[in-house]
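What follows is the residue order along each chain.
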Amino acid sequence: MNKRYVKFLIFASAVTLVVLLSAFSFTSMWKDPPIVPGPGVTEIRMLSEWLPQLAGTKSDTEVYVIKGSGDGGRFLLLGGTHPNEPGATLAAVVMIENVSALMGDLYVIPRANRSAFTHNDAMEGAPQFFSIELPDGSERVFRFGSRRTNPISQWPDPTIFNHPAGTTMGGSEISNLNRAFPGREDGLTTERVAAAIMNLIRQEGIDLVVDLHEASPEYPVNNAIVFHQDAAEVAIMTQMMLEMEGIDIRLEESPINLRGLTHREIGDNSDALAILLEVSNPSQGRLRGATTEELVTTGIDKFYLQASKDGKLFAPYDETGYSLDLRAARHVATIRVLLDSWNMMYSDRMIVLSGIPDYQQMLDKGLGAFLSPIS
């Protein structure tokens, strides 16, 4: 056989192998890691129930409903608006797997932008998955996704994003769910997801919405409650009660002209009170080293330690890092105290949940102690 032909076959085989391995790696992110519904989950619905155009797409996502035996208010919790903010997603999963409702109803969307979980941000070198060890020695695996909708679901983005409120943004922002609210039912995929969530809020009579996020340590809005003006009183009370428990948290009022974000558009376009929670996350900042699975879970990074010593950060940071356990625990604690504040202020629409994990126990035992094994 001709040597040149043999070399060609070897080269072609190598290219084919690389392509197949890459395709396998890419498509492995299309499968949702399981979430184990806790005893309080009364039904699992799909977001497409509130916008049928989403049915059968990679953007249709589960809505976990936890209904109480007594009448009360209705609370919507959003995780996974930005899938590269895993503390937000995991806090929502913890609520699904542990919490029951005594009064009122809880709706949880842990993968709000489900399409964005199916890929990574280009050129960031981020892991596709990360794992958490459970007390029985098993592991739960979760995806580390992107801030933006997968181009497979939405392409191309426009040069300029003309928001329904009349403002304009860079075209790529139309694939960022936290810029797409209140959405358009006939718009691009991300706008449709936002519109479906808005339909859920209006049709289900949601009273309170909390959108969970994480922020890089050098970002000014950090470890904060960002509140729509209508939610000012409950946000202020929540901050005061958290500080009494030794949890420092800032208050940030939603800028009136900053359009597209949940805390602005949900508050403006529905009767619900809208709040966004931020927790510090070193794995998404610009001062970090390699974005490894270890950084995602431990939050330990030597470059952030130096930045802290240089006074460049807006969040406290030391040798212990900012672990995923801590980030999820802060979110869960804030939700608990927020509901306590809500119930004191709105006794006619109380939302009483049981089984919310204790903040200190989440830190002492670790996040894995509050996740169920996969049977």
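To be clear, the structure that these remarks concern was listed above.
As the structure is a prediction and not an experimental result, all values here were calculated from the model.

1. Thoughts on the packing of helix α4 (residues 189–203) against helix α6 (residues 262–269)
Alright, step 1. Orientation of α4 relative to α6, taken along the N-to-C sense of each, is 45°, at an axis distance of 11 Å. One finds that α4 runs oblique with respect to α6. The chirality of how α4 crosses α6 is right-handed. On the side of α4, the interface is formed by M198, I201 and R202, while α6 contributes E265, I266 and N269.
Alright, step 2. Within the contact of α4 with α6, the residues separate by chemical class into three nonpolar, one polar and two charged.

2. Some words on the packing of helix α2 (residues 86–98) against helix α9 (residues 324–345)
Alright, step 1. Direction vectors running N to C along α2 and α9 enclose 55°, while the axes themselves pass 8 Å from each other. With respect to α9, the element α2 is oriented oblique. Pair α2 / α9 crosses with right-handed handedness. Contact with α2, carried on its side by P86, G87, A88, A91, V94 and M95, involves L324, R327, A328, H331, V332 and I335 of α9 and no other residues of that element.

3. With respect to the side chain of N199
Alright, step 1. Here N199 lies in helix α4.
Alright, step 2. For N199, a relative accessible area of 10% puts it in the buried group.
Alright, step 3. A polar side-chain atom of N199 sits 2.8 Å from the main-chain carbonyl oxygen of W50.
Alright, step 4. Once residues lying within four places of it in the same chain are set aside, the contact partners of N199 are W50, L51, E185 and E204.

4. Topic: the environment of P37
Alright, step 1. With respect to the helices and strands, P37 occurs in the loop between α1 (3–27) and β1 (43–46).
Alright, step 2. A relative accessible area of 38% places P37 in the partly exposed class.
Alright, step 3. Between the C-alpha atom of P37 and that of V99, which follows or precedes it by 62 residues, the distance is 9.6 Å.
Alright, step 4. Excluding its chain neighbours within four sequence positions, the residues that come into contact with P37 are I44, Y64 and I96.

5. Brief notes about the pattern of salt bridges
Alright, step 1. Scanning all chains against the criterion turns up 23 salt bridges.
Alright, step 2. When the shortest N-O distance is used, the salt bridge between R349 and D207 registers 3.0 Å. With R349 in the loop between α9 and β13 (352–354) and D207 in the loop between α4 and β9 (208–215), this pair connects stretches of sequence that are 142 residues apart.
Alright, step 3. The exposure class assigned to D207 is buried, which follows from its relative accessible area of 13%.
Alright, step 4. We note a salt bridge from E214 to R327, for which the minimum N-O separation is 2.6 Å. With E214 in strand β9 and R327 in helix α9, this residue pair connects regions lying 113 residues apart in the sequence.

6. Overview of α9
Alright, step 1. In a regular helix each residue adds 1.5 Å, so 22 residues correspond to 32 Å; α9 covers 32 Å between its end C-alpha atoms and thus fits that length.
Alright, step 2. Counting buried positions over the 22 residues of α9 gives 18, a clear majority of the element.

About the thresholds
Residues numbered from 1 in each chain as written. Predicted model: local features only at pLDDT ≥ 70, side-chain atom pairs only at ≥ 80, totals over all residues. Heavy atoms only, no water. Axes fitted to C-alpha atoms, helices over the stretch in contact; angles between N-to-C directions. Helix = DSSP H or I, 4+ residues; strand = E, 2+ residues; numbered from the N terminus. Parallel < 35°, antiparallel > 145°, perpendicular 65-115°, else oblique. Left-handed = near helix turned anticlockwise from the far one by under 90°. Contact = heavy atoms within 4.5 Å. Nonpolar A, V, L, I, M, F, W, Y, C, P; charged D, E, K, R; others polar. Buried < 20%, exposed > 50% of the residue type's maximum accessible area, 1.4 Å probe, protein only. Polar contact = N/O pair within 3.5 Å; in protein donor to acceptor, adjacent residues only side chain to side chain. Salt bridge = Lys/Arg side-chain N within 4 Å of Asp/Glu carboxyl O. Expected span 1.5 Å × (residues − 1).

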